[in-house]
Amino acid sequence: MMEAGSSNSSGQLSGRVVDTRGKHRIHAELKRLEQEARFLEEELEQLEKMDTASASCKEFLDSVESKPDPLLPETIGPVNATWDQWFEGPPEAKGCGCFIL
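Residues numbered from 1 in each chain as written. Predicted model: local features only at pLDDT ≥ 70, side-chain atom pairs only at ≥ 80, totals over all residues. Heavy atoms only, no water.

## Side note on the UniProt feature "coiled-coil region" (unreviewed entry) in the protein
Filter applied, for reference: UniProt positions are given in the numbering used here, feature names are shortened, and annotations may be inferred rather than shown by experiment. Strands are runs of DSSP state E lasting at least 2 residues, helices are runs of H or I lasting at least 4, and numbering of each runs from the N terminus.
Cross-referencing UniProt, the feature "coiled-coil region" (unreviewed entry) maps to residues 23–50 in the present numbering. Within residues 23–50, the helical portion is 96% and the strand portion 0%, while the C-alpha atoms at the span's ends are 41 Å from each other.

Following this line, the structure appears as structure tokens:
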């Protein structure tokens, strides 16, 4: 600490120590916390005004299901019947030649 009557950049005058940088940091942190609290209160108010998630999800699902996917071609039945053999089970369980190692 400096003696009484001297002055320096941290704000010491006439024997009393004043830490203005520490006060500034505390004040800035307090302002940040107040701002965060206001933000959270506003977000909570918005959440209270919203519909329940299940109602919103159902509405979204209904709108998505009502429209066909533009990236998928519209087909009725298989385009190539030979491809179905890969997705069906064997006609007889005994006739299956697959072996799992």
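## A look at the pattern of salt bridges
Using the following cut-off: A carboxyl oxygen of Asp or Glu within 4 Å of a side-chain nitrogen of Lys or Arg is what we treat as a salt bridge. Exposed residues in this analysis have more than 50% of their type's maximum accessible area, buried residues have under 20%, and partly exposed residues fall in between, with area computed by a 1.4 Å probe over protein chains only.
All chains considered together, the criterion is met by four salt bridges. Note that Arg32 is salt-bridged to Glu29, the shortest N-O span being 2.7 Å. Of this pair, Arg32 and Glu29 both sit in helix 1 (residues 20–49), three residues apart, roughly one helical turn. Judged by relative accessible area, Arg32 falls into the partly exposed class, the value being 40%. A relative accessible area of 38% means that Glu29 is categorised as partly exposed. With its nearest N and O atoms 4.0 Å apart, the salt bridge here joins Lys31 to Glu34. Pair noted here: Lys31 and Glu34 are both in helix 1, with a separation of three residues, about one helical turn. For Lys31, a relative accessible area of 44% gives the class partly exposed. Here Glu34 falls in the partly exposed class, since its relative accessible area comes to 35%.

## Some remarks on a nonpolar patch on the surface
Quick reminder of the rule: Each patch groups residues whose relative accessible area exceeds 30% and which form no salt bridge, using 9 Å between like charges and 5 Å between nonpolar side chains of Val, Leu, Ile, Met, Phe, Trp and Tyr. Here the accessible surface of atoms and residues is derived via Shrake-Rupley with a 1.4 Å probe, and residues count as covered only by protein chains that are part of the display.
On the surface, Leu44, Leu47 and Met50 cluster together to form a nonpolar patch covering roughly 320 Å² of accessible area. By the secondary structure assignment, Leu47 is in helix 1.

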